[in-house]
Amino acid sequence: MRHLINISLLTALLCLFSCGKSENIPIVTWAGIPSQASEEAFAALKECGIDGHLGLYPGLPQAEVALEAAQKAGLWLIPGFPGVKDSTQIAVQALKTHPALKAWHLKDEPEIWDFPWIDSLARKVDSLDGRHPCYVNLYPNWAWGVENYAETIDRFAEEVDVPFYSFDQYPITENEDGSISIRPDWYRNLEEFSAMARRQGKPFWAFALTKSHHLGPPSPEAFYPVPTAGQLRLQVFSNLLYGAQGIQYFTGGGIFDCKKMGKTEIFSTVKQVNSQIKAYSEVFAGASVVNVVHTGAHIPNGTTEMTQMPHRSIEMLEISGEGAVVSTLRKGKHQYLAVQNRDCCNPALLDIRFNTKVKLLTPTGKADFNNRTIRIEDGDIALFILE
């Protein structure tokens, strides 16, 4: 029988998804920063708009060094090291009162046979520390099999009781001729993971890629490029349109080079996208997804084509180019419409008409929207407040 989250842990989880007085989408860098470089790296990540770091360390001493550096930089930390599993009581007792600690990293990309011991470990950590939640990151759908994925993540949710979910998927790949491809089952992954989280009544986090690398057999052959602004926006905002409540960047080392001890070529791009995420957090943080549909000549696998207007206030919605992700969201008494240009390489023109007053929310503020055609940059979104 699955155990219930205690009240103090639930309170800690709510704090995890907020920042200060206003709600915030947590922005996290995932690994890539060794403890000996953490002081310089964390200061740079803070400048970039990062809220926290998930660090993987060889032992407790390195995790302690990283926690001190995180506190100094104004970040929080999700540490992972062997002692969390092998010497749980010692590890938890040593770190649980540190002000920079945010959660416990238990396992990255577990296999199905790992589920029982992960749940047992989560129970033990919860019994020792009722203030900080446990974190587990799951495979993308191609790793567990696209046709079996929904069933497998449902099984994880039933067998492992953690207060929020995470999965990784890097959808943008570069071909030998330099052209860009989108993994055909990425949006299906988002559809199924988002649906699972909603059924469980829990939030989920998702990833965007910041570090170029090559993936080969037994995984699907792929070369992941350093993303452009459009490619980064496509990943981040598609996640948010499907309801993600946390954005993770793989890796922190893709933003700050710990060998050269300096910012990487993508630093300014990530900083700019982070500023957009923070500006839009008032909508996305804590919002529930009402519906997500797609437009265009090609509808991504596993998604729903827009065959009627997604909200009664919309009279017309047309977009040029590859098509759009169209998400309707609800938060409190308010409803929102987000339209994303699904082309990560070219801008698009959105022709949209409403029959009621609406506001257009931009990173610089809100303004009344008069029915017109607007330009959406590659991978970017137009966000409307429906009255």
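Residues numbered from 1 in each chain as written. Predicted model: local features only at pLDDT ≥ 70, side-chain atom pairs only at ≥ 80, totals over all residues. Heavy atoms only, no water.

### A word on the sheet that holds strand E24 (residues 372–376)
The criterion, for reference: Two strands make a pair as long as DSSP finds a minimum of two bridges between them. Numbering goes from the N terminus for both helices and strands, where a helix is a DSSP run of H or I of at least four residues and a strand is a run of E of at least two. Fitting a line to C-alpha atoms yields each axis, with helices limited to the stretch in contact; the angle taken between N-to-C directions then spans 0 to 180 degrees.
Pairing within the open sheet is antiparallel, and its 3 strands lie in the order E18-E21-E24. Where the open sheet ends on each side, the last strands, each with one partner, are strand E18 (314–319) and E24. Strand-to-strand, the axes of this sheet are offset by a mean angle of 20°, without reference to chain direction. Sheet topology places E18 next to strand E21 (residues 348–354); 5 bridges connect them, and they run antiparallel. Bridge assignment links Ile314 to a residue of E21, and that residue is Phe354.

### Section: the environment of Ser275
The condition that has to hold: Between buried and exposed lies partly exposed: a residue is buried under 20% and exposed over 50% of the maximum accessible area for its type, with that area taken using a 1.4 Å probe on protein chains only.
Topologically, Ser275 is positioned in helix H11 (residues 267–284). A relative accessible area of 39% means that Ser275 is categorised as partly exposed. Remark: the alpha-carbon pair of Ser275 and Val289, spanning 14 residues in sequence, is separated by 22 Å.

### Some remarks on the confidence of the model for the protein chain
Spelled out, the test is: For every residue, the predictor reports its confidence as pLDDT, a number between 0 and 100. Contact criterion: two residues are considered in contact whenever any of their non-hydrogen atoms come within 4.5 Å of each other.
When pLDDT is averaged along the protein chain, the result is 94, and 94% of the positions lie at 70 or above. When the criterion is pLDDT under 50, residues 1–12 qualifies, and its contacts beyond four places in sequence or with other chains add up to 26 contacts. Across residues 17–22, where pLDDT falls below 50, the model places 8 contacts with residues more than four positions away in sequence or in other chains.

### Some details on the nonpolar core
What counts is decided by this rule: Here, the term nonpolar core denotes a set of buried Ala, Val, Leu, Ile, Met, Phe, Trp, Tyr and Cys residues that are joined through side-chain atoms within 4.5 Å.
Formed by 92 residues in total, the largest nonpolar core has its most connected members in Phe42, Leu106, Tyr165, Phe193, Val236, Tyr249 and Phe284. Not counting the four nearest positions on each side in its chain, Val236 is found in contact with Ala208, Ile247, Tyr249, Val273 and Ile277. Judged by nonpolar contacts, the second largest core, of 21 residues, contains Met306, Leu317, Ala382 and Phe384.

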